[in-house]
Structures are given as C-alpha cells and as structure tokens.
Amino acid sequence: MRLTDMQKRYVWLAGSYPALILVQGRGYRTPQTMYRIDEEAGELTIFGYSNPCYFLEGRGIVRKGQAPHSYILTVDGERLFQQLLVSGAGGTINRQIRQV
C-alpha cells in the first residue's frame, strides 16, 4: 500500500505508542511533524496542518474513536506499522518527527 510521507509518520507514531489514542491536533506546516504524549490522558497528539487520519480512515488503517478527532489503528494499520518497522523506515521517519 502506498502512503504519503505524512501518512507514514502517523502510522509510525500510532504504532509506536499502541496504548495511547491518536488525537489530531491543530498545527502549522513545519519541516518536522510535532507530537505530544500525555500518558495521564492516554493520548498521543499529532499536530498537523490537515487531517491525514481522514484519508487513513478511508483506507481502513485507522478508525474513529469516541472522542472528537481521536483515532485508533486497525488490524490493517498495525500490520502496516510492522511492515514499516521491518523495512527500516523508522530511521527516515524519526528524522521527520519531533516530540514537543
């Protein structure tokens, strides 16, 4: 399955923190994708300038959560994360993301 670099970042982050719910935050266009981890709330917030999860949901990679703008990886999404992991894509993706 072909994904954009941004979509790969979302899958990578969601797969890296499987116990957290992915939340689409509001952000700006920056060279690196910013994200925040809030373990108390159980959320991984990714700050983006659009909503890549909308397209990932359409492809069956994530599904909507109960809270607004929240998403969870599906079985296909977890499988895709494993493919990224095995292919070594993390080296490239980790240079494209930054925790804030």
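For the structure, see preceding data.
These numbers were taken from a predicted model, which means no experiment stands behind them. (Residues numbered from 1 in each chain as written. Predicted model: local features only at pLDDT ≥ 70, side-chain atom pairs only at ≥ 80, totals over all residues. Heavy atoms only, no water.)

Colleague: Could you give an account of helix 1 (residues 5-16), naming the residues involved and the relevant values?
Modeller: Between its first and last C-alpha, helix 1 extends 16 Å over 12 residues, near the 16 Å set by a 1.5 Å rise per residue. Among the 12 residues in helix 1, nine count as buried, and that is most of the element. Residues M6, Q7, R9, Y10, V11, W12, L13, A14 and G15 constitute the buried set of helix 1. (Helix = DSSP H or I, 4+ residues; strand = E, 2+ residues; numbered from the N terminus. Expected span 1.5 Å × (residues − 1). Buried < 20%, exposed > 50% of the residue type's maximum accessible area, 1.4 Å probe, protein only.)

Colleague: Please provide a residue-by-residue account of the environment of T74, values included.
Modeller: Relative to the elements of secondary structure, T74 occurs in the loop between strand 5 (70-73) and helix 3 (75-87). Put simply, T74 and T4 are 70 residues apart on the chain and 18 Å apart in space, counted from C-alpha to C-alpha. If we ignore the near neighbours within four places in the chain, the residues touching T74 are G60, I61, V62 and R63. (Contact = heavy atoms within 4.5 Å.)

Colleague: Quick rundown of the pairing of strand 5? Include the residues and the values.
Modeller: With two bridges connecting them, strand 1 (residues 21-26) and strand 5 associate as antiparallel partners. In the sheet register, V23 faces strand 5, and the bridge partner there is S70. The sheet contact formed by strand 4 (residues 62-64) and strand 5 spans three bridges and is antiparallel. Looking at the pairing, V62 lines up with L73 of strand 5. Here strand 4 hands over to strand 5 after five residues, with H69 in that stretch at a positive phi of 60°. (Pairing = 2+ DSSP bridges.)

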